[in-house]
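Letter by letter, the chains look like this.
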Amino acid sequence: MAVNRDRVPAGSCPDGTVWRPGVRPADNARMTDASEVGRQLRRDGYAVIPGLLNQQALAAARAELGPLLDAAAWGSGFDGTRTKRAWAPLAVTRCLDQAALTPLVLDTVEQAIGPGTQFGLTCAIQVHPGQQAQVLHYDQGIYPLPRDRDVMITALWALDDFTAGNGATRIVPGSHLRPAGKPDAAETVPAQMPAGSVLLFSGRLYHGAGANTTSLPRLGVVIDYIQPWLRPCEAHALSASHARVRQLPQRLQELLGFNQPTPYLGFIEGRHPRDWLTSNQPR
Ligand SMILES: O=C(O)CCC(=O)C(=O)O
């Protein structure tokens, strides 16, 4: 994995893991250029950019996300029973603005999937001790599209050091180019990276959170950037008053987009928008 060994002394992780280069030798000096990052992304399906968030930004993000995660329920199924998620963090805190707007990340994303990108899923993910490895998946699999091009690039920010022991995301390098077929878990490598790094990966790359066998949680933030056209022509959820939408027949609510047709499409705060509308004060 592309880890800057100059900045990160060996053995500096909380669980004592020694940083080691991954499948390709790191060349972090070149990770300041969107064309180079994009080249790696196209070739390997992922790229790690170290050192984007400093200690102050990391401390602020941990401090703001901590209470949101403390208040969050444990996940279930795919999300992991020893994992907590704080959904839509950019709607409630400004501590991730710097990450979300990092020019190098946005330039790379827009080189990869074109201009006018928008957020897809955004979520802080805290993988707690005892969490098993997540099932392998590729993020743009939520859309029923052929696997012939990227419609999504995921930015996974390490707010803690990501180590093989604490649940670093496990990726299958090159799997974005496979036409079909889920890789075997044995093909994965851990995306070990120091806090403040971002792992960019293709929406077609197979990956999953690793198992956390340490005694400390691992905090990451996922920001998916998706094609601008993955949306309705009109922003109905903005033009409609929520108070009115609550009174509408269910089918009309669904047609306006207040619907969760599949588990990872259309939810709000991890819930079906219909449930959310009935239990929240109308805006
Ligand atoms: O937190 C991680 O390392 C990856 C999580 C993930 O891939 C997901 O929940 O879709």
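As the structure is a computational prediction, the values presented were derived from the model and not from experiment.

Enquirer: Hey, could you run me through the confidence of the model for the protein in this one?
Expert: Any residue range with low pLDDT should be treated as having predicted coordinates unsuitable for detailed reading. For the protein, the mean per-residue pLDDT works out to 90, and 89% of the residues sit at or above 70. In this model, residues 1–25 is a region of pLDDT below 50 whose contacts with residues beyond four sequence positions or in other chains number 68 contacts.

Enquirer: What should I look at first to understand the packing of helix α1 (residues 34–44) against helix α5 (residues 103–113) in this one?
Expert: Packed helices, taken two at a time, are described by the angle between their axes plus the distance between the axes. Viewed as axis vectors pointing N to C, α1 and α5 meet at an angle of 55°, and their least axial separation amounts to 9 Å. The orientation of α1 relative to α5 falls into the category oblique. Seen along the crossing, α1 lies across α5 with a hand that is right-handed. Touching Ala-34, Ser-35, Val-37, Gly-38 and Leu-41 of α1 are Leu-104, Asp-107, Thr-108, Gln-111 and Ala-112, all from α5.

Enquirer: I tried to follow the site of the ligand on my own but got confused; where do I start?
Expert: Around the ligand, the neighbouring residues are Phe-78, Arg-85, Ile-125, Gln-134, His-137, Asp-139, Leu-156, Thr-169, His-207, Ala-209 and Arg-218. His-207 places a polar side-chain atom, nitrogen or oxygen, 2.9 Å from an oxygen atom of the ligand. In this structure, Arg-218 approaches the ligand through a side-chain N or O atom, which is 2.8 Å from an oxygen atom. Contact with the protein chains hides 93% of the accessible area of the ligand, taken as 300 Å² for the molecule alone. When grouped by side-chain class, the residues that make up the shell around the ligand number four nonpolar, four polar and three charged.

Enquirer: Can you help me understand the nonpolar core in this one?
Expert: General note: in soluble globular proteins, nonpolar side chains tend to be found buried as a group. Of all hydrophobic cores here, the largest spans 34 residues; its most connected members are Leu-65, Val-105, Trp-157, Leu-159, Leu-200 and Val-221. Among the elements that line this core, the one with the most residues is helix α2 (residues 55–71), at five residues. Residues contacting Leu-159, with those up to four places away along its chain left out, are Leu-53, Leu-58, Ala-61, Arg-62, Leu-65, Ala-195, Leu-219, Gly-220 and Val-221. The next biggest cluster of nonpolar side chains, apart from the first, holds 18 residues, and it includes Cys-123, Ile-125, Phe-162 and Ala-209.

Enquirer: Explain empty space enclosed by the protein here, please?
Expert: To locate leftover empty space, one rolls a probe as large as a water molecule over the atoms. One pass over the structure, following the stated rule, counts one cavity of 30 Å³ or more. Considered as a void within the structure, the largest cavity measures approximately 50 Å³ in volume. Around the largest cavity, the lining is made up of 13 residues, and of these Asp-79, Thr-83, Gln-131, Gln-134 and Ala-209 lie nearest the centre. Taken together, the elements giving at least two residues each to the lining of the largest cavity come down to β2 (83–87) and β3 (118–127).

Enquirer: Is there a simple way to think about the sheet that holds strand β5 (residues 170–171) in this case?
Expert: Hydrogen bonds between backbone atoms are what pair the strands of a sheet, whose relative direction is either parallel or antiparallel. Taken in spatial order, the three strands line up as β6-β5-β8 in an open sheet, and their pairing is antiparallel. Of all strands in the sheet, those with a lone pairing partner are β6 (189–190) and β8 (207–208), marking the two edges. Taken together, the two bridges between β5 and β8 define a ladder with antiparallel strand orientation. By the bridge assignment for β8, Arg-170 is matched with Gly-208.

Enquirer: Just to check I follow, could you spell out unusual backbone geometry for this structure?
Expert: Excluding glycine, residues mostly have negative phi values, and the peptide bonds linking residues are mostly trans. One non-glycine residue, Ala-88, adopts positive backbone phi at about 45°. Relative to the helices and strands, Ala-88 is located in the loop between β2 and α3 (89–92). A positive phi angle, near 50°, is found at Glu-269, a position not held by glycine.

Enquirer: What should I look at first to understand α1 in this one?
Expert: Considered for burial, the residues of α1 that qualify are Ala-34, Glu-36, Val-37, Gly-38, Gln-40, Leu-41 and Asp-44. Buried-residue contacts for α1 involve β1 (46–49), α5, β4 (152–158) and β7 (198–202). N-capping of α1 is provided by Asp-33, with a side-chain oxygen placed 3.1 Å from the backbone N of Ser-35. Following α1 by one or two positions, Gly-45 adopts a phi angle in the positive range, close to 90°.

Cut-off values and rules
- Residues numbered from 1 in each chain as written.
- Predicted model: local features only at pLDDT ≥ 70, side-chain atom pairs only at ≥ 80, totals over all residues.
- Heavy atoms only, no water.
- pLDDT = per-residue confidence, 0-100.
- Contact = heavy atoms within 4.5 Å.
- Axes fitted to C-alpha atoms, helices over the stretch in contact; angles between N-to-C directions.
- Helix = DSSP H or I, 4+ residues; strand = E, 2+ residues; numbered from the N terminus.
- Parallel < 35°, antiparallel > 145°, perpendicular 65-115°, else oblique.
- Left-handed = near helix turned anticlockwise from the far one by under 90°.
- Near = heavy atom within 4 Å.
- Polar contact = N/O pair within 3.5 Å; in protein donor to acceptor, adjacent residues only side chain to side chain.
- Areas by Shrake-Rupley, 256 points an atom, 1.4 Å probe, with all protein chains shown as cover.
- Nonpolar A, V, L, I, M, F, W, Y, C, P; charged D, E, K, R; others polar.
- Core = buried A, V, L, I, M, F, W, Y, C linked by side-chain atoms within 4.5 Å.
- Buried < 20%, exposed > 50% of the residue type's maximum accessible area, 1.4 Å probe, protein only.
- 1 Å grid on protein atoms, 1.4 Å probe; cavity = no way out; pocket = protein on both sides within 12 Å on 5 of 7 lines; lining within 4 Å.
- Points joined across faces, edges and corners; volume = space filled by probe spheres on them.
- Pairing = 2+ DSSP bridges.

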